[in-house]
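Spelled out, the chains give:
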Amino acid sequence: MIETSLSSVHGACPHDCYDTCGLKLEVDLDAGRIIRIGPDSLQPLTRNFLCLKVNRYLERLYHPDRVLHPLKRVGKKGAGDFVRVSWDEALTEIAARLHDVRTRFGGEAILPYSFAGNMGILAGESLDARFFHAIGASRLDRTICTAASGAALDWVYGTRLGPDPEVIPQSRCIILWGTNPVATNVHEIPLLEEARAAGAQIWTIDPLATETARRYTPHLRPRPGTDLSLALGLGRELLQRGWVDRQSLQKDVRGLDAYEKAAEPWTLARTAAATGIPQLQIAALAEQLATARPLLFRTGYGVQRQHHAARTVWAISALSVLTGSFQDVGGGHLLTNSGAFVLNQEALSRPDLMERPTRRLNMVELGRLLTDMDEEPPVKALVVYNSNPAATAPDQAAVLRGLARPDLLVVVHEQMLTDTARYADYVLPAAMAMETLDLHTSYWHRYIQLARPATSPAGEAVSNPEFFRRLARAMGLTHPALYEDDEALIRTALDVHHPWMAGITWDTLATSPVAKVRLPAGARVFVDTAIPTDDGRFHLDPLPVRDVRDDQDETRYPLHFISPSVRESIKSSFANIKSLQARRPVPELLVARADLERFGIESGHWVRLYNQRGATRLLAVESEVPVPGTVVSYAVRWNEAAGGTNINQLTGGDLSDAGGGATFYSARVAIAALPANEDGPAEAGSEPRMTNTEVRPVGLLRDLGGASKKS
Ligand SMILES: Nc1nc2c(c(=O)[nH]1)N[C@H]1C(S)=C(S)[C@@H](COP(=O)(O)OP(=O)(O)OC[C@H]3O[C@@H](n4cnc5c(=O)[nH]c(N)nc54)[C@H](O)[C@@H]3O)O[C@H]1N2
Ligand SMILES: Nc1nc2c(c(=O)[nH]1)N[C@H]1C(S)=C(S)[C@@H](COP(=O)(O)OP(=O)(O)OC[C@H]3O[C@@H](n4cnc5c(=O)[nH]c(N)nc54)[C@H](O)[C@@H]3O)O[C@H]1N2
Ligand code: SF4
Ligand SMILES: [Mo]
């Protein structure tokens, strides 16, 4: 028998997911390989299981298509033709080109683009930020996901903090509002089940009959983007019926009159007409809100990818205040807990390294930024990491046109040859989180975790901090802050004097890698903790917004299009994992029976989904998931696997009412049947055009559609 020496290491799942699971990484020391990835018992909320995706993580970690060496483009941009080069060669050439851009256009012509592909603190905002500050690059506003809700939470509560999810079982009424935890937050399900077993009523508010909505009823189905009306209608009902304890609110609330005025027009009848929800259901929910305790609003990000996103979250937050939901353990408003983690962000990112404050560019507007050469200065170099904007950014036709610009230097630090990497002049290999040291927080729970590397990075891959050390060296930068090592960075992050972080240090985490932030035990946020607004009160007066108008023509584009998260992926991150792909082999568009009839479309046939921005090709599947008038396709697949485009051809780069957030779920579309062997009419000026090379025989498509039909 051959003996292998095994060891196990605590890791943390780095993906952009509420749960931030603790991972037990089992390593074969002789082979230098991770051989098993499972849940780690040290993390109380995630100790029992992982998800569909990370249960298969070895398939991703040791994927045959992992980028293991620096690559230099030889073919056309977007074609994915590269040759292997050395790190030295790649870095020398990149540094020369960045110097050239700086000299000719200024540092601000360089745009970093990143998001939460790896949510580690070091991976996300440490040496990367320092490096870009030091070279005077533009700064990226990371708005693509939560900016609108963040602005609303900051306004109402002064922070982005919610109750500890561990008190969910004590709740007796839970409103799942625009979230689909069966897909996006599986570790919440056992907590919801515990609450339900103890007698909690759990409501879902979602235009889609998701797995969550089928499990937790009553299910209210608003038309997408109408939750502001719903929330104000509920608030008006509470006030009109005398179900709000005005007296006790007095001390803690600013702006009740202004709120009341905003809610005034939203009678039950008008709310029902605006949302499409029957009046009786709205009245029943209002009564629940008035009577059930503890009452928890569990709002998801799905309500805030809309034009009126920030106002919507403001109005839902107002309900959490009007009902006094915070008064009870098990109640309150849980959208995020990111405010529970106090880190020394400034010391990590070192804004002082900027010679002068550089401009901020909004990532949602990437398409415009890359194609509008009148920007001063124009973007001449793009450095992408932790993100795959060619697939995930809105206004995709413009994004791809921009990425294809011959004069634009595109540098991508990646693990896989993603759609974005295919456009790169240079692709640099990125380590996987399991191969790096990092610190992880969560936007849902309150555990901070130190993740140790279980092995060294595969091939010539390097972590994000190491990538930026190398870039800094290649550019001849000398400031020592650009070269700080990983352990020192973590010590810097934890160098804070805040009671919630007391006793959480490198040394304590080094012996015990999972620690809970120390909010007072059993603390009710905003009751036992301060309301950190300027006057210490909840702000119910309407959050200031800019005027947003839907510029899309409802007659030409009669359908509402939404594209929420799906179980098998995290945005585009698992798109090339075969065992997950097999569960959803073709890009589907779920269409209600009534809409199929209305547009003369047959289930199981390819359709062209289009609007004034672009077009993509999807397989129409009859489904009871969407409300009629709304079609849905889950986010997101790689373009490369689907003829060069995906659903972000349809989404726009326009911003939410406040916070500069994305408006993915505000898109309107039209749908046209595709003949079996050709593209539909070239209605919109979408680029690049779809090819018809993979239009397959209709019979086969029917089978595939049937097999993967959501049930
Ligand atoms: N498996 C999986 N997990 C994920 C992700 C993933 O892609 N896959 N993505 C991760 C990321 S980046 C994020 S931000 C979170 C997001 O996770 P969630 O907070 O759950 O948000 P979404 O998936 O955007 O949308 C949730 C629900 O909102 C509904 N919705 C859409 N429009 C409206 C509306 O106008 N009103 C209401 N009431 N509901 C609406 C959608 O139908 C969807 O069912 O999940 C993370 N976790
Ligand atoms: N249509 C539509 N589009 C959407 C959404 C939607 O609901 N509908 N949701 C939006 C939302 S909420 C979000 S958050 C965005 C997310 O969009 P993105 O930020 O593009 O996220 P991912 O698709 O997960 O891609 C992350 C990439 O980071 C890479 N990566 C992982 N770890 C590391 C690392 O350590 N280093 C480096 N250098 N790279 C790494 C992964 O390989 C992956 O390719 O998508 C948005 N796009
Ligand atoms: S993707 Fe989410 S649920 Fe799955 S292991 Fe990672 S943190 Fe846990
Ligand atoms: Mo997100």
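Residues numbered from 1 in each chain as written. Chains lettered and ligands numbered in written order. Predicted model: local features only at pLDDT ≥ 70, side-chain atom pairs only at ≥ 80, totals over all residues. Heavy atoms only, no water.

**Points about the overall build of the protein chain**
Alright, step 1. Assigned secondary structure in the protein chain consists of 24 helices and 27 strands.
Alright, step 2. On C-alpha atoms alone, the protein chain measures out to a radius of gyration of 25 Å, which is about the 27 Å that the 2.2 N^0.38 rule sets for 711 residues.
Alright, step 3. When its C-alpha atoms are laid out on the principal axes, the protein chain stretches across 70 × 65 × 65 Å.
Alright, step 4. A burial count over the protein chain gives 63% of its 711 residues as buried.
Alright, step 5. In the protein chain, 76% of the contacts between residues at least 6 apart in sequence involve partners at least 24 apart.
Alright, step 6. By element, 49% of the accessible surface of the protein chain is carried by carbon and sulfur atoms, the whole surface being about 25900 Å².
Alright, step 7. Both charge centroids of the protein chain, one from 76 positive and one from 83 negative side chains, sit 2 Å from each other. (Helix = DSSP H or I, 4+ residues; strand = E, 2+ residues; numbered from the N terminus. Rg over C-alpha atoms; globule rule 2.2 N^0.38 Å. Buried < 20%, exposed > 50% of the residue type's maximum accessible area, 1.4 Å probe, protein only. Contact = heavy atoms within 4.5 Å. Areas by Shrake-Rupley, 256 points an atom, 1.4 Å probe, with all protein chains shown as cover. Lys, Arg positive; Asp, Glu negative; His and termini not counted. Charge placed at Lys NZ, Arg CZ, Asp CG, Glu CD.)

**Description of the sheet that holds strand β20 (residues 514–516)**
Alright, step 1. A sheet is described by the order of its strands in space; here three strands give the open sequence β18-β19-β20, paired in antiparallel fashion. Whereas interior strands pair on both sides, the edge strands pair on one side only; in this sheet they are β18 (438–440) and β20. The mean angle between the axes of side-by-side strands here comes to 20°, regardless of whether they run parallel or antiparallel.
Alright, step 2. By the bridge criterion, three bridges tie β18 to strand β19 (residues 447–451) in an arrangement that is antiparallel. Residue pairing in the sheet places Asp438 in a bridge with Ala451 of β19. (Pairing = 2+ DSSP bridges. Axes fitted to C-alpha atoms, helices over the stretch in contact; angles between N-to-C directions.)

**Focus on the environment of Leu296**
Alright, step 1. Inspection of the secondary structure assignment puts Leu296 in strand β12 (residues 295–299).
Alright, step 2. Look at Leu296 and you get buried, because its relative accessible area is 2%.
Alright, step 3. As a C-alpha pair, Leu296 and Ser325 span 29 residues in sequence and 6.7 Å in three-dimensional space.
Alright, step 4. For Leu296, the contacting residues outside a window of four places in its chain are Pro163, Ile168, Ser171, Cys173, Ile174, Ile175, Gly330, Gly331, Gly332, His333 and Leu334.

**Regarding the packing of helix α2 (residues 87–105) against helix α19 (residues 464–474)**
Alright, step 1. As a packed pair, α2 and α19 sit with axes 9 Å apart at the nearest point and diverge in direction by 60°. By the angle class used here, α2 and α19 are oblique. Remark: the crossing between α2 and α19 carries right-handed chirality. Contacts from Trp87, Leu91, Ile94 and Ala95 in α2 reach Phe467, Arg470, Leu471 and Ala474 in α19.
Alright, step 2. Among the residues making up the contact of α2 with α19, the classes are represented as seven nonpolar, no polar and one charged. (Parallel < 35°, antiparallel > 145°, perpendicular 65-115°, else oblique. Left-handed = near helix turned anticlockwise from the far one by under 90°. Nonpolar A, V, L, I, M, F, W, Y, C, P; charged D, E, K, R; others polar.)

**Focus: unusual backbone geometry**
Alright, step 1. The amide bond that connects Thr217 to the next residue, Pro218, takes the cis arrangement and shows omega of 5°.
Alright, step 2. Note that Pro218 resides in the loop between α8 (211–215) and β10 (219–220).
Alright, step 3. The residue after Arg293, namely Pro294, is reached through a cis peptide bond having omega -15°.
Alright, step 4. Following the sequence through the fold, Pro294 ends up in the loop between α13 (279–291) and β12.

**Structural notes on the domain arrangement of the protein chain**
Alright, step 1. Domain parsing of the protein chain yields domain 1 (71–145 + 348–449 + 456–498), domain 2 (148–335 + 523–539) and domain 3 (559–695).
Alright, step 2. Just the C-alpha atoms count here: the centres of domain 1 and domain 2 sit 37 Å apart.
Alright, step 3. Contact with domain 2 buries surface across domain 1, with Cys145, Trp444 and Arg446 losing the most and accounting together for 76% of the total.
Alright, step 4. If you look at where domain 1 meets domain 2, you find zero salt bridges. (Domains from an automatic or database assignment. Buried area = accessible area lost by both parts, 1.4 Å probe. Salt bridge = Lys/Arg side-chain N within 4 Å of Asp/Glu carboxyl O.)

**Examining the side chain of Thr143**
Alright, step 1. Its location among the elements puts Thr143 in the loop between β7 (139–141) and α5 (147–157).
Alright, step 2. The class for Thr143 is buried, based on a relative accessible area of 6%.
Alright, step 3. Discounting chain neighbours no more than four positions away, the residues touching Thr143 are Asn362, Met363, Val364, Gly659, Gly660, Gly661 and Ala662.

**Observations regarding the side chain of His307**
Alright, step 1. Here His307 shows up in the loop between β12 and α14 (309–322).
Alright, step 2. For His307, a relative accessible area of 7% translates into the label buried.

**A look at the packing of aromatic side chains**
Alright, step 1. Per the stated rule, a full pass over the model turns up 19 aromatic pairs.
Alright, step 2. Each ring, one from Phe132 and one from Phe468, has its centre 5.4 Å from the other, and the planes form 70°; the classification is edge-to-face. Of the two residues, Phe132 sits in helix α4 (residues 127–134) while Phe468 sits in helix α19, which places them 336 residues apart along the sequence.
Alright, step 3. Given a relative accessible area of 5%, Phe132 falls into the buried group.
Alright, step 4. On the numbers, 6.3 Å between centres and 85° between planes, the contact of Tyr557 with Tyr610 is edge-to-face. Here Tyr557 is found in the loop between β21 (538–539) and β22 (559–562), whereas its partner Tyr610 is found in strand β24 (residues 606–610), with 53 residues between them in sequence.
Alright, step 5. Assessed through its relative accessible area of 12%, Tyr610 is described here as buried.
Alright, step 6. Ring-pair connections join several aromatic residues into one group, and the members of that group are Trp87, Phe131, Phe132, Tyr385, Phe467 and Phe468.
Alright, step 7. Between Arg270 and the ring centre of Trp266, over which it is positioned, the NZ or CZ distance is 4.1 Å. (Phe/Tyr/Trp six-rings, centres within 6.5 Å; stacked < 30°, edge-to-face > 60°. Lys NZ or Arg CZ within 6 Å of the ring centre and 35° of its normal.)

**Concerning the pairing of strand β17 (residues 426–429)**
Alright, step 1. Here β17 shows no split at all, with Tyr426 and Leu428 on one side and Val427 and Pro429 on the other all buried.
Alright, step 2. Both strand β4 (residues 71–73) and β17 contribute to a ladder of two bridges, which runs antiparallel. The partner of Leu71 across the bridge, within β17, is Val427.
Alright, step 3. As paired elements, strand β16 (residues 409–414) and β17 share four bridges and run parallel to each other. Within β17, the residue paired with Val411 across the bridge is Tyr426.

**Some thoughts on the site of ligand 2**
Alright, step 1. Lining the immediate environment of ligand 2, one finds 31 residues, of which Thr392, Glu414, Asn464, Ser572 and Ser573 sit closest.
Alright, step 2. A distance of 3.1 Å separates a nitrogen atom of ligand 2 from a polar atom in the side chain of Gln415.
Alright, step 3. Note that a nitrogen atom of ligand 2 is positioned 2.6 Å from one of the side-chain N or O atoms of Asn464.
Alright, step 4. Protein chains bury 97% of the 920 Å² of accessible surface belonging to ligand 2 in isolation.
Alright, step 5. Taken together, the residues of the shell around ligand 2 break down into 12 nonpolar, 14 polar and five charged. (Near = heavy atom within 4 Å. Polar contact = N/O pair within 3.5 Å; in protein donor to acceptor, adjacent residues only side chain to side chain.)

**As for the site of ligand 3**
Alright, step 1. Taken together, Cys13, Cys17, Asp19, Thr20, Cys21, Cys51, Lys53, Val54, His187 and Ile570 make up all the residues around ligand 3.
Alright, step 2. When the residues that make up the shell around ligand 3 are grouped by side-chain class, the tally is six nonpolar, two polar and two charged.

**Focus: the sheet that holds strand β6 (residues 110–114)**
Alright, step 1. Across the sheet, six strands lie side by side as β5-β4-β17-β16-β15-β6; this open sheet has mixed pairing. Of all the strands in the sheet, just β5 (82–84) and β6 have a single pairing partner and so form its edges. In this sheet, neighbouring strand axes are inclined to one another by 20° on average, regardless of whether the strands run parallel or antiparallel.
Alright, step 2. In the sheet, β6 pairs with strand β15 (residues 381–385) via five bridges, with the strands oriented parallel. In the sheet register, Ser114 faces β15, and the bridge partner there is Tyr385.
Alright, step 3. Its contacts with the sheet put α2 on β4, β6, β15, β16 and β17, and the angle it makes with β17 is roughly 130°.

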